[in-house]
Amino acid sequence: MSEPVAPEAASAAAGETSPAPGSAPGSVTRVMLEILIHGPLSRVELAQRLGLSGPSLTRITKPLIASGRLFEGAPQVRAAGRPLQPLDLDPSSEYFAGVKLTGNAVYSVMADLRGAVRAQHEEPLAGRDPETVADAVARSVRAFGSAFRPLGGVGISLGGNSADGRFVDESHFLEWRDVPLADLVEQRLGLPVVVANDVNALTQAQRWFGGGRGLDTFVVVTIGAGVGMGLVAGGELVAGATGAVGSIGHQLLAWSEAVCWRGHHGCASALLATDAVERAAARASGLPVGDVVFDDVLRGAERGDPELRAVVDEAGTALGLLLANVANTLDPQKIVLAGEGARLGVVGEHAMLTAFAEGRVWRSVSTPVDVQPFEFSEWARGAAAMAIRARMLHDVPARPASD
Ligand SMILES: [Zn+2]
């Protein structure tokens, strides 16, 4: 892997021109990335962050300004010395489609270059065979019309894995093996397409445009129908050998009557996935399982219902144990909680943090847990972030599990 984003990691890869596809990013890409991720920066700040001399930086930025990729922002007046004129880029200069596939629908967003969602679209899947799904993806991207131009690429994310960003190697809920999804959609749209595991894609969005910005090592834990993890280590998104690092959903936490679909007693999915919380609440309240909704369980606990409070605290304790395992293994600077069930970390915060502290090895170290407000469109935004990453790194061609 070779994707320098942190300045210290970047210094090894200093070329003065745009990289060839697949090679390490050169200085032009590094300058663009620094401004993309951190916002407007003065030449002095940029040179310091990237370890470049003033003249080198000027040599790099001059053609970028001339071509309109960068522009000079309003001067910032300083107490002493010349005013600093920051360099910035126009986020509307390019758009990216992000598509999240589930077993029965296509959720898509149009995002600008800084990952802000400008429009959303949703449509049902008529079937699960690859051609039908590729047709639906292409239709949903075309549905945004011509308002978002130029279109730099398409990212597709799903619960499944893709080692090379082109093939879906395996997807349980679509019942796919070795499907060339990127090719199928590129044939229809004529745009570069990248395919990714949905949790990895979400982690990429958090890394450049969310709670992980500027961090070298952080973890995203997602809570939903399943439990997943994405990892940034040493400033790089870690995809793993199969493109699906962080399958923590079936880590065993404590023996329990509660069982997951794989038959594990007391794994993370059995104890704290949204449907597990619904089942526990149904048992506690004597209601049929189908009548219990995750968000209602959280609201009931917040209102002070003792049975639902106990259910939420039990799930919160399991979550804290899981986070302790993650922190003990990876020692991240921060843990970001995301996914439809992330609010378990807010309503069950006390139980979660108690179990988290108890499970940590080092009592003097506290790892912040950052619960991100979550909407379902975040999944598709993650897919768009993968397309932005591919575009910025000129890395659309296949290169297995690598930046
Ligand atoms: Zn399990």
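Here, every reference points to the structure presented above.
Residues numbered from 1 in each chain as written. Predicted model: local features only at pLDDT ≥ 70, side-chain atom pairs only at ≥ 80, totals over all residues. Heavy atoms only, no water.

### A few points about the sheet that holds strand S11 (residues 227-233)
Our working definition: Two strands pair under a simple rule: DSSP has to find at least two bridges between them. Secondary structure elements are taken from DSSP: a helix is a run of H or I of four residues or more, a strand is a run of E of two residues or more, and numbering for both begins at the N terminus. Fitted lines through C-alpha atoms serve as axes, helices being fitted only where they are in contact, and the angles separating the N-to-C directions of these axes extend from 0 to 180 degrees.
Pairing is mixed in the open sheet, where five strands are placed in the order S12-S11-S10-S13-S14. With partners counted over all chains shown, the strands left at the sheet margins are strand S12 (236-238) and strand S14 (369-371), one partner each. Direction aside, neighbouring strands of the sheet carry axes that sit 25° apart on average. Strand direction decides the pairing type here: S11 and S12, joined by three bridges, are antiparallel. Residue pairing for S12: Leu231 is matched across the bridge by Val238.

### Structural notes on helix H3 (residues 43-50)
We count it as follows: For each residue, the accessible area found with a 1.4 Å probe, counting protein chains only, is set against the maximum for its type, and the residue is called buried under 20%, exposed over 50%, and partly exposed in between. It is the directions from the helix axis to the C-beta atoms whose arc is reported.
When H3 is considered as a whole, its buried residues turn out to be Leu46, Ala47 and Leu50. Angularly, the buried residues of H3 cover 95° about the axis, an arc narrow enough to put them on a single face. Positioned one or two residues after H3, Gly51 has a phi angle of 65°, which is positive.

### Considerations on a nonpolar patch on the surface
Selection rule: What makes a patch is a set of residues exposed beyond 30% relative accessible area and free of salt bridges, joined within 9 Å when like-charged and within 5 Å when nonpolar (Val, Leu, Ile, Met, Phe, Trp, Tyr). Residue burial considers only the protein chains on display, and all accessible areas are found by Shrake-Rupley using a 1.4 Å probe. The salt bridge definition used is simple: a Lys or Arg side-chain nitrogen within 4 Å of an Asp or Glu carboxyl oxygen.
A cluster of nonpolar side chains, namely Val361, Trp362 and Val365, defines an oily patch on the protein surface of about 320 Å² accessible area. One can find Trp362 in the loop between helix H13 (349-359) and S14.

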